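Read off the chains here:
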Amino acid sequence: MKHVGHFIAGSIVGNVEQTSPIFDPATGLQTAHVTIANAAEIDSAVAAAKEAQPAWAATGLQFRADMMLKLRDAIKRGHADLTGILMAELGKTRSDAAAEVDRSIEVLGQAASVGSWYGSTISPGVSRGVDVQEIRYPIGVVAAISPFNFPVMIPILQSAMSIVCGNTVVMKPSDRNPSASLRIAQLFQEAGLPDGVFNVLMGDRKSVDRLLEHPDVAGISFVGSTPVAKYVRTKGVANNKRVQAFGGGKNHMVVLPDADLDMAADAAVSAAFGAAGQRCMAVSVVVAVGSVGDALVEKIAARLPGLKVGSPTLPASQLGPVITADSRARILSYLDKAEGEGARMVVDGRLYQAENTGWYVGPSLVDHVRPGTSLHQDEIFGPVLSVVRVQSYDEAAAVLAGHPLGNGAAIFTRDGGAAKRFIDETEAGQVGVNIPIPFPVFFHSFGGWKDSSFTETKLFGPGALNFCTRSKTVSIRWPDPSSSAIDLGFPSSR
């Protein structure tokens, strides 16, 4: 059986004493096993990154920007390999998997433009003969902990900005589907990235705890569930790490009465059921305003029988399996209690019968979901779309404001005034107007609000610089003997 090991200092290594199984979600069968790092292996990965960092930082910003383009070309060459891994270990359909790799290629291309963001300030003549400048430096070794749902794009998002800014990375992917990170490391090596700059460490929660405590790790970048993000932030800061921790989302899509309902229905189906709903930016709640509810629910329901649920290996498949049997059971448990919470099951994904033993859930549509119930409050992370009905825009705004998560939000309307108000007032890091998944291009910053984010920085783009670098201010006065004197007063800028 295939064994997946670490990638440390340019070599694949890893013990076989402690491993975790890897399954194909489309069949439920084990296909490989992955090393779970022991303490010595964790220390080895961090040591390799620490040793490589000074020389990497010394290469210069332009050299590192050029390297991003080489890494981009390497991911292009590995496109088919990475797409296949996503299908086999995550159950993404071919089109969805290929699109993730495409977006990852964009990330590296945008990272090459770091020079346009990186510049620091110089203030000449702040006092007589004194200039002040602010200089950015890399922080050192960054431990990046990534989730299962985007095993190519998120590791590249987390690592590209850190690497281009002169840091080195220890990547800890999900042990459910770790092979993509290993393949990325190999492709980066083939492109000329020096050994030790990008390392991959396979592990579990104990591995994460060790990275959070490790004295040679300067920064922690985490993407995952909200409870774990909060834990990582708290423990990392307690150990004096720089931490960015991004949690989950419960993204709402508000549909006003003036919206194009066919457009809104298409958008809701696309955003709710793509990747089997396993996206932190998935639309999981539609808020139907006023008289629009009945017609909108009818249009969404009419589209669901046409979705092709099935194995990623079948070209016609649009909705694949969820990641584990436990995930499937958890998703179904929410559907089991929906009617007890006062909701109405319009399309029941529990009735879907898979043709094999994989972990499938059919698309589900639940109407009349009440705010505050578990179906509305919790991040289900599956192909379940809830509909909340309200009578006014103000009620819709209150539904969004009352939810603890704020990753993304969208509004469908022709009313520019309503759209502007939504943009200004909605507490979410990404907002879309007639766009259901407002995931930005990567020369803009990305990150949630409220309990979707436990950090002051962004995951990528200009907003990530304050995580990837630390600055010092330098005050300079060249010797002028005629003005030298002893002065015990507090320095003045006059």
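Our subject is the structure listed above.
Remember, it's a predicted structure, so these values are computed and weren't measured experimentally.

Re the overall build of the protein chain
Within the protein chain, the regular secondary structure consists of 16 helices and 23 strands. Its C-alpha radius of gyration of 25 Å places the protein chain within 12% of the 23 Å reference for a compact globule of 494 residues. Expressed as lengths along the three principal axes of its C-alpha atoms, the size of the protein chain is roughly 85 × 60 × 35 Å. Scored against the burial criterion, the 494 residues of the protein chain give a buried share of 55%. Sequence-distant contacts in the protein chain: of pairs separated by 6 or more residues, those separated by 24 or more amount to 72%. Summing over all exposed atoms, the protein chain offers an accessible surface of approximately 20500 Å²; the carbon and sulfur share of this is 53%. Distance between charge centres in the protein chain, computed from 44 positive and 47 negative side chains, equals 3 Å.

Section: the packing of helix α3 (residues 79-89) against helix α7 (residues 179-190)
Between α3 and α7, the least distance of the axes is 9 Å, while the angle of their chain directions is 165°. The angle between α3 and α7 places the two elements in the roughly antiparallel class. In this structure, α3 meets α7 at a crossing whose hand is right-handed. The segment α3 lies against α7, with Asp 81, Leu 82, Ile 85 and Glu 89 engaging Ser 179, Ala 180, Arg 183, Ile 184 and Leu 187. For the contact of α3 with α7, the residue count by class is five nonpolar, one polar and three charged.

Examining the pairing of strand β5 (residues 29-35)
The pairing of strand β1 (residues 2-4) with β5 spans three bridges and is classified as parallel. What sits directly across from Val 4, in β5, is Val 34. Sheet topology note: the strand β4 (residues 19-24)/β5 ladder contains six bridges and is antiparallel. Paired with Asp 24 across the bridge in β5 is Leu 29. The turn joining β4 and β5, which pair antiparallel and follow one another in sequence, is formed by four residues; a positive phi near 80° is taken by Gly 28.

A few points about the pattern of salt bridges
The full count for this structure, using the stated rule, is 24 salt bridges. Close ionic contact of Glu 100 with Lys 92 constitutes a salt bridge, the shortest N to O distance being 2.7 Å. As far as burial versus exposure is concerned, Glu 100 and Lys 92 are alike and both buried. A salt bridge links Asp 424 to Lys 420, with the shortest nitrogen-to-oxygen separation between them at 2.4 Å. Pair noted here: Asp 424 and Lys 420 are both in helix α15 (residues 416-425), with a separation of four residues, about one helical turn. Classification of Lys 420 by relative accessible area gives partly exposed; the value is 47%.

Quick look at the sheet that holds β1
One open sheet accounts for three strands, arranged β1-β5-β4; its pairing is mixed. A single partner strand is all that each edge strand has here, and the edge strands are β1 and β4. Taking the axes of each pair of neighbouring strands and ignoring which way they run, one obtains an average angle of 35° across the sheet. The strands touched by α3 within the sheet are β1 and β4, with β4 carrying the most contacts at an inclination of about 95°.

Some points on the packing of aromatic side chains
On inspection of all chains with the given rule, the structure shows seven aromatic pairs. Between Trp 56 and Phe 63, the ring centres sit 6.2 Å apart and the planes meet at 70°, which makes this aromatic pair edge-to-face. Taking relative accessible area as the criterion, Trp 56 reaches 1% and is therefore assigned buried. Plain terms: the ring middles of Phe 439 and Phe 446 are 4.8 Å apart, the flat faces sit at 70° to each other, and that makes the pair edge-to-face. Between the NZ or CZ atom of Arg 205 and the centre of the ring of Tyr 231, over which it lies, the distance is 4.6 Å. Its guanidinium or amino end placed over the ring of Tyr 334, Lys 337 lies 4.7 Å from that ring's centre, counting from NZ or CZ.

Focus on the sheet that holds strand β7 (residues 130-138)
Ordered in space as β6-β7-β23, the three strands form an open sheet in which the pairing is antiparallel. Edge positions in the sheet fall to β6 (122-127) and β23 (469-477), since each has one partner strand and no second. Within the sheet, the average angular offset between the axes of one strand and its neighbour, ignoring direction, is 30°. Across three bridges, the pairing between β6 and β7 is antiparallel. Each residue of the ladder has a partner; that of Ser 127, found in β7, is Val 130.

So, the packing of α3 against helix α4 (residues 94-111)
Following both chains from N to C, one finds α3 and α4 inclined at 130°, their axes separated by 9 Å at the closest point. Classified by the angle between their axes, α3 and α4 sit oblique to one another. Seen from above, α3 lies across α4 with right-handed handedness. Contacts between α3 and α4 involve His 79, Leu 82, Thr 83, Leu 86 and Met 87 from the first element and Arg 94, Ala 97, Ala 98, Glu 100, Val 101, Asp 102 and Ile 105 from the second. A class-by-class count of the residues in the contact of α3 with α4 yields seven nonpolar, two polar and three charged.

Considering the nonpolar core
A general trend in soluble globular proteins is that nonpolar side chains are found buried together. Counting residues in hydrophobic clusters, the biggest one holds 66 residues, and the most contacted among them are Ile 75, Met 161, Leu 193, Phe 198 and Phe 460. Filtering out sequence-adjacent residues up to four positions away, Phe 460 remains in contact with Val 107, Gln 110, Ala 111, Trp 117, Leu 157, Ala 160, Met 161, Phe 442, His 444, Ser 445 and Phe 446.

Some remarks on the side chain of Thr 83
Here Thr 83 shows up in helix α3. Assessed through its relative accessible area of 4%, Thr 83 is described here as buried. Polar contacts involving the side chain of Thr 83 include one to the main-chain carbonyl oxygen of His 79, which spans 2.9 Å. For Thr 83, the residues in contact, after removing those within four places along its chain, are Arg 94, Ala 97, Ala 98 and Val 101.

What counts as what
- Residues numbered from 1 in each chain as written.
- Predicted model: local features only at pLDDT ≥ 70, side-chain atom pairs only at ≥ 80, totals over all residues.
- Heavy atoms only, no water.
- Helix = DSSP H or I, 4+ residues; strand = E, 2+ residues; numbered from the N terminus.
- Rg over C-alpha atoms; globule rule 2.2 N^0.38 Å.
- Buried < 20%, exposed > 50% of the residue type's maximum accessible area, 1.4 Å probe, protein only.
- Contact = heavy atoms within 4.5 Å.
- Areas by Shrake-Rupley, 256 points an atom, 1.4 Å probe, with all protein chains shown as cover.
- Lys, Arg positive; Asp, Glu negative; His and termini not counted.
- Charge placed at Lys NZ, Arg CZ, Asp CG, Glu CD.
- Axes fitted to C-alpha atoms, helices over the stretch in contact; angles between N-to-C directions.
- Parallel < 35°, antiparallel > 145°, perpendicular 65-115°, else oblique.
- Left-handed = near helix turned anticlockwise from the far one by under 90°.
- Nonpolar A, V, L, I, M, F, W, Y, C, P; charged D, E, K, R; others polar.
- Pairing = 2+ DSSP bridges.
- Salt bridge = Lys/Arg side-chain N within 4 Å of Asp/Glu carboxyl O.
- Phe/Tyr/Trp six-rings, centres within 6.5 Å; stacked < 30°, edge-to-face > 60°.
- Lys NZ or Arg CZ within 6 Å of the ring centre and 35° of its normal.
- Core = buried A, V, L, I, M, F, W, Y, C linked by side-chain atoms within 4.5 Å.
- Polar contact = N/O pair within 3.5 Å; in protein donor to acceptor, adjacent residues only side chain to side chain.

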